[in-house]
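Coordinate analysis (summary)
What follows is the residue order along each chain.
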Amino acid sequence: MLLSDKAPALMMTAQQDALLCRQLSQLTNVHKIPTESESFSVDLLSSELQADERFQHARELIKDRHQSQEAVYALILREYLIEKDFACRHPIYASYFARRYQAHVSYDDCHEPVPFYLFDSNQGGQLVSIDPQQVREVHLVFASEGEGIASSFGHVSVRLLVCPDMSSSLEACQRNLFNHVFLGYVARIDGFSMNLLKGFFGGYDAHLFGSTFREVFRANTLLADRDLYSLPLNLSAQQVEQVVRDLSEIHWSYRGNYRFITANCATLLQDLLNKALQLEGQSDAELNYLRPDSLFNTLKSSPFTRGEVLASLEKAESQGYFFPRNRMYYQQALIALADVIDSYPYENLEQYDQTRAAQRMYDVLVSDSVYATLANNDYLLEAQLLLEERQLVFLRFELFRKVIDIVIELQLIDVMQAQLQALPNSLDKQLLQHCYVQPLLQIQMLVPRFDGIPDIGALADFQSNTDWQCGSQQAQQKIFNMMASAVPDDHQQMKELKVLEQELVQTLDNIETLEALF
C-alpha cells in the first residue's frame, strides 16, 4: 500500500510544508532506522508528527504499567507507514492513524485469525483463533450484583458472537454458544482472596481476561447466583471487525493498575467502547461511569444498543440474551421432592449443601419410602440427580480453588514446572500443563505480554488438546499426586484438599447409584 493510501491527509500537507516533507522523508527511509535522538524530539517535529490527545487514549488501551518507557509517536507512525502487516499486529494504532490522516484502515492483508487464551476451570486453558469476519455481533454482558464489595455493583464484560461460518444466520450464530468468547477486565489477585486496600488504592494488575461460555455461565448463574444480561451493540460489520481485533491486541498487551472505583471492569471497558462508538472527546456523549450497573443501564436505553431484546426476559432467555441464575431451579427440584415424599430429609438447599456426600446418600437409601418413591418415579429421581450434580459442580470448583490457594501460598508454581520438565513428553505431562500449570500462570499474571497481536506460531506453549476434561477424576488424581510429592501430608491445606477429594469421589458414587435406578 502506498504512503498516500495510508495517510492521504499527511501526504497532502507535506506537499505544502517543506519541514514536514523533509522529516517525513527521513522518517520513512526504509534503509535507515531513525532513533529518538535523530531530530525526532518533540520540540523539533512538525505538529503533524506529534501525538495528540486521541493518541494518548489509544496508548492507554495497550499500555504496560510495569514499563515506564514512553511511546515515541514518530517511530510508531513510521512502522504504520512502511510495514505491510502493521495493522494486523497493531489494529488500535492503525485505526487511530487512519482516522487522523483520513485513510481507510484495511485488513485485507491479514490472513491469520486473531488469538485469545480462554480460561475454563473444567477444561483448562484454551487457545482459540477467531476469524473476525465470523463474529456477527459484539454484546455488552452484565452480571448482576454478587457477594463481596468487589462485585456489589455487578460486573461488565463483552461477548463475541462467533458464528459457525460467515454465511450463518443470526439464529445459528446465537446457538453456537460454546464457541462464543467472553472478555472482561479483572484484577490479578493472589488466588481467590483480595486485599481491600490494594483494591481501592492500586497494586493489582488489570488484564483483559478471556473465558469460555461454559465458564461464564457456570461461574455466574450457578456458583455465584447471578443473572447474566447480554446486550447487543449497534455496530456495523466493519466496526465489529475492528472491535474484535482491538480486543485481541488488548488481551495480549494491556497490563494496567486495577482500582475498585476509578479503574474497574466498567471504566476500563468504557475506553474501548468510546473508541468503537467514536465518542472520544464528546463531553456530552462520552461514556464515563464508575459503576458497572450504571454503564449497563445507560447503554440499555441508548441508541448504541438493541436494548429492546431485554424488554421481555422470558423471550430474551429463549433467544440467548438472558441467562437467569439457576438456584431457583434447584430449589424447585428440592421442593418437588419434599412435597411428594413425606419423609424427605431436607427442607432447603442450605441444609442440603451442608450435608456430607455419604450422609446424603444414606438419607436417601435408608428410608424405604424415599428409596421406593425414587425407584418408581423418574421425574423425582431426576430431581434428586440434579441436586447431586449441583454438588459436583461446586466441589470441582472448590477443588480448583484449593489447588490454586496451595500453589500460591507455598509458591509451588516453580516446583510444578520443574516436575513437569522431568516427566517424559507424555499425555500426562500435556494434561497437567493444559489443565493446571497454564491456567495458574494466567491467574498469577505470569502469562507473557506481547507487543501487539502475536502470531499463532509464537503461542506454541498455549496450544493443547481441548478434549481433555480437567474436572475428571483422572486429571485431579494426577495433580493431587504432584502436589503430594511437594507438600507434607500433615499440612492443613493438604488435609482440606483430601477432604474435598473424598467428597468429590463420594458424590460421583452418589450419581452413579442414582443413575442405576432408572
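Model, not experiment: these values are computed from the prediction. Per chain, the residues get numbers from 1 upward, laid out in the order the sequence is written. It should be noted that, the model being predicted, local features are given only for residues of pLDDT at least 70 and side-chain atom pairs only at 80 or more, the latter also being counted only at that level, while totals for whole chains, interfaces and linings use all residues. Calculation of side-chain values draws on the structure's entire complement of heavy atoms; hydrogens and water are dropped beforehand.

1. Brief notes about the overall build of the protein chain
To be explicit about the condition: Helix and strand labels come from DSSP, where a helix needs a run of H or I of at least four residues and a strand needs a run of E of at least two; each type is numbered from the N terminus. Residues count as neighbours in contact if any of their non-hydrogen atoms are within 4.5 Å of one another. Values of accessible area rely on a 1.4 Å probe in the Shrake-Rupley scheme; residue burial ignores everything except the protein chains shown.
Summing up its helical and strand segments, the protein chain has 23 helices and 9 strands in all. When contacts within the protein chain are restricted to residue pairs at least 6 apart in sequence, those whose partners lie at least 24 apart make up 71%. Carbon and sulfur atoms make up 49% of the accessible area of the protein chain, which amounts to about 24,300 Å² in all.

2. Considering the pairing of strand E3 (residues 135-143)
Regular strands place their side chains on alternate faces of the sheet. Cut-off, in case you're wondering: Burial here depends on accessible area, computed with a 1.4 Å probe over protein chains only, as a share of the maximum for the residue type. Under 20% is buried, over 50% is exposed, and the range in between is partly exposed. In short, DSSP must find at least two bridges between two strands for them to pair.
In terms of burial, E3 is largely enclosed, as 8 of its 9 residues are buried. Two elements, E3 and strand E7 (residues 228-232), share 5 bridges in a ladder whose sense is antiparallel. Note on E7: the bridge partner recorded for Ala-143 is Leu-228.

3. A short note on the pattern of salt bridges
One side chain can pair with another of opposite charge once the charged atoms of both are near each other. Worth spelling out the cut-off: Take a side-chain nitrogen of Lys or Arg and a carboxyl oxygen of Asp or Glu: if they are within 4 Å of each other, that pair is a salt bridge.
One pass over the full model with this rule turns up 21 salt bridges. A salt bridge links Arg-325 to Asp-227, with the shortest nitrogen-to-oxygen separation between them at 3.3 Å. Of this pair, Arg-325 sits in the loop between strand E9 (322-323) and helix H15 (327-340) while Asp-227 sits in the loop between helix H10 (213-223) and E7, and the two are 98 residues apart along the sequence. A residue is classified by how much of its surface remains accessible, and Asp-227, at 13% relative accessible area, is buried. Ionic pairing is found between Glu-496 and Lys-402, a salt bridge with its closest N-O pair at 2.5 Å. Linking Glu-496 in helix H23 (residues 492-515) with Lys-402 in helix H19 (residues 378-409), this pair joins segments that are 94 residues apart in sequence. For Glu-496, a relative accessible area of 31% translates into the label partly exposed.

4. Details of the packing of aromatic side chains
The following threshold applies: Aromatic pairs are defined between Phe, Tyr and Trp rings, using the six-membered ring for Trp, whenever the two ring centres lie within 6.5 Å; interplanar angles under 30 degrees are classed as stacked, those over 60 as edge-to-face, and all others as tilted. Lysine NZ or arginine CZ positioned within 6 Å of the ring centre and within 35 degrees of the ring normal marks a charge as sitting over the ring.
Throughout the structure, instances matching the rule amount to 26 aromatic pairs. For the ring pair Phe-55 and Tyr-93, a centre distance of 5.4 Å and an interplane angle of 10 degrees mean the geometry is stacked. Placement of Phe-55 in helix H4 (residues 53-61) and of Tyr-93 in helix H7 (residues 91-100) is noted, with a sequence separation of 38 residues between them. Here Phe-55 falls in the buried class, since its relative accessible area comes to 1%. On the numbers, 4.9 Å between centres and 65 degrees between planes, the contact of Tyr-346 with Tyr-352 is edge-to-face. With respect to class, Tyr-346 is no different from Tyr-352; both count as buried. Clustering of aromatic rings is evident, with ring pairs tying together Phe-55, Tyr-73, Tyr-80, Phe-86, Tyr-93, Tyr-96, Phe-97 and Tyr-101. In this structure, Lys-6 is placed above the aromatic ring of Tyr-80, and the distance from its NZ or CZ to the ring centre is 5.3 Å. In this arrangement the basic side chain of Arg-214 is found over the ring face of Phe-178, its NZ or CZ atom lying 4.0 Å from the centre.

5. Examining the state of the cysteines
Our working rule: Criterion for a disulfide: a pair of cysteine sulfur atoms within 2.5 Å.
If you walk through the whole model with that rule in mind, you get 2 disulfides. What pairs with Cys-88 in a disulfide is Cys-110, and their sulfur atoms sit 2.1 Å apart. Handedness here is read from the sign of the S-S torsion; for Cys-88 and Cys-110, about -95 degrees, the answer is left-handed. With a gap of 22 residues between them, Cys-88 in helix H6 (residues 86-89) and Cys-110 in the loop between H7 and strand E1 (114-119) connect regions that are remote in the sequence. By the burial criterion, Cys-88 is buried, and Cys-110 matches it. In this model, Cys-163 is linked to Cys-173 through a disulfide, with the two sulfur atoms separated by 2.0 Å.

6. Focus: the side chain of Thr-212
Note the following rule: Counted as a polar contact is a pair of N or O atoms within 3.5 Å, where, for protein atoms, one must be capable of donating a hydrogen and the other of accepting one, and residues adjacent in sequence contribute only when both atoms are in side chains.
Mapped onto the elements of the fold, Thr-212 is located in strand E6 (residues 204-212). Within the local environment of Thr-212, its side chain forms a polar contact with the side chain of Asp-120, the two groups lying 2.7 Å apart.

7. What to know about the layout of surface pockets
Our working rule: A 1.4 Å probe that fits into a set of points on a 1 Å grid over the protein atoms alone but cannot get out defines a cavity; an open set with protein on both sides within 12 Å along at least five of seven lines defines a pocket, and lining residues are those with an atom within 4 Å of a point. Grid points are joined across faces, edges and corners, and a volume is the space filled by probe spheres set on the points.
Looking at the second largest pocket, its volume works out to about 660 Å³. If you go around the second largest pocket, you meet 28 residues; those closest to its centre are Val-105, Tyr-107, Gln-238, Gln-239 and Gln-242. When contributions to the lining of the second largest pocket are tallied by element, the ones reaching two or more residues are H7, helix H11 (237-253) and helix H12 (265-276). In terms of residues, the lining of the second largest pocket owes the most to one element, H11, which gives 7 residues.

8. Digging into a negative patch on the surface
The test is simple: Within the patch definition used here, like charges are joined within 9 Å and nonpolar side chains (Val, Leu, Ile, Met, Phe, Trp, Tyr) within 5 Å, considering only residues with over 30% relative accessible area and no salt bridge. His is not counted, nor are the chain ends, whereas Lys and Arg count as positive and Asp and Glu as negative. Note that the charge is assigned to NZ on lysines, CZ on arginines, CG on aspartates and CD on glutamates.
Taken together, the side chains of Glu-389, Asp-509, Glu-512 and Glu-515 make up a negatively charged region of the molecular surface. Broken down by element, the residue count for the negative patch peaks at 3 residues, all from H23. Within the secondary structure, Asp-509 sits in helix H23. Owing to a relative accessible area of 36%, Asp-509 belongs among the partly exposed residues under this scheme.

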